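Tertiary structure, described
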Amino acid sequence: MPRPPSGALPIAQAGLRILIVLNWLYGACVFAILVGMFAAEQWMMTALGIAPSAQSGSLIVGMRSIAALGLVAVPLNLAVLKRLLAMVQTVRSGDPFVAANATRLQAIAWLLLGQQMLSLAIGLIAKSVSTPAHPLHLDAGFSPSGWLAVILVFVLARVFAEGARMREDLEGTV
C-alpha cells in the first residue's frame, strides 16, 4: 500500500531548486571577483583592504588561485544538487530503492570527495600566502565532518545498491 507523500518532500525539492540558483549566483560572484583581480587589480586590493607591499604579490596570486578553485566548486555543487533533486523525485514517486539512486549516491560521494580535496587545496594556499601583515583567514582546509560525510555517503550508496538488488530479487520470486 503506497504511503501518503511527506510534506517535507516539496520543501526539499523547492530548497534544492533554490540552492541550484544560489550556486549559479555564487559562481557569478566568484567569477566577477576573479575578473576584477585581473582587470582592476589595484582597485580590487584596495576594496579588500590590502595595502600594496612586498608581500602582497604572493597574496594576490594566492587569492586568484583560491578564486579559480572556487569556480571549480560550482559544477561539483551543481552535480550534487541535481542528483539529490532526482532522488527526491524517486522518493515522491514512492520508489526510492532503485539502482539509479545507488548510482547517484555513489557519484555524490565522489563529488563530495572532490569538494573536500578542493577545500584542502584552498586551505593550503591560504596558509602559504598568509602573512602577519596580510592574514588570510578562510573557512577551508581539513573538515572532519566533511570527510565523515564522504564516508557516510559511500556507505549509503552501498546500502541503496543492496536494497535495490534485494528488491529486484524479491520481485523476481513473486
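Our structure is the block above this text.
Just so it is clear, the structure is predicted and the values come from calculations on it, not from any experiment.

With respect to the packing of helix α4 (residues 99-129) against helix α5 (residues 144-173)
Where α4 meets α5, the closest approach of the two axes is 8 Å, and the angle between their N-to-C directions is 170°. Comparing their axes, α5 and α4 come out roughly antiparallel. Between α4 and α5 lies a crossing of left-handed hand. Taken together, the residues of the contact of α4 with α5 sort by class into 20 nonpolar, 4 polar and no charged.

Comments concerning the layout of surface pockets
Space inside the largest pocket adds up to approximately 500 Å³. Looking at the largest pocket, it is lined by 21 residues, and the ones nearest its centre are Tyr26, Val30, Ile66, Gly70 and Ile122. Looking at the lining of the largest pocket, the elements that each hand over two or more residues are α1 (8-39), α3 (56-92) and α4. The element that contributes the greatest number of residues to the lining of the largest pocket is α3, accounting for 7 residues. The residue inventory of the lining of the largest pocket, partitioned by class, reads 16 nonpolar, 4 polar and 1 charged.

Rules and cut-offs
- Residues numbered from 1 in each chain as written.
- Predicted model: local features only at pLDDT ≥ 70, side-chain atom pairs only at ≥ 80, totals over all residues.
- Heavy atoms only, no water.
- Axes fitted to C-alpha atoms, helices over the stretch in contact; angles between N-to-C directions.
- Helix = DSSP H or I, 4+ residues; strand = E, 2+ residues; numbered from the N terminus.
- Parallel < 35°, antiparallel > 145°, perpendicular 65-115°, else oblique.
- Left-handed = near helix turned anticlockwise from the far one by under 90°.
- Nonpolar A, V, L, I, M, F, W, Y, C, P; charged D, E, K, R; others polar.
- 1 Å grid on protein atoms, 1.4 Å probe; cavity = no way out; pocket = protein on both sides within 12 Å on 5 of 7 lines; lining within 4 Å.
- Points joined across faces, edges and corners; volume = space filled by probe spheres on them.

So yeah, pure geometry; function would need other evidence.
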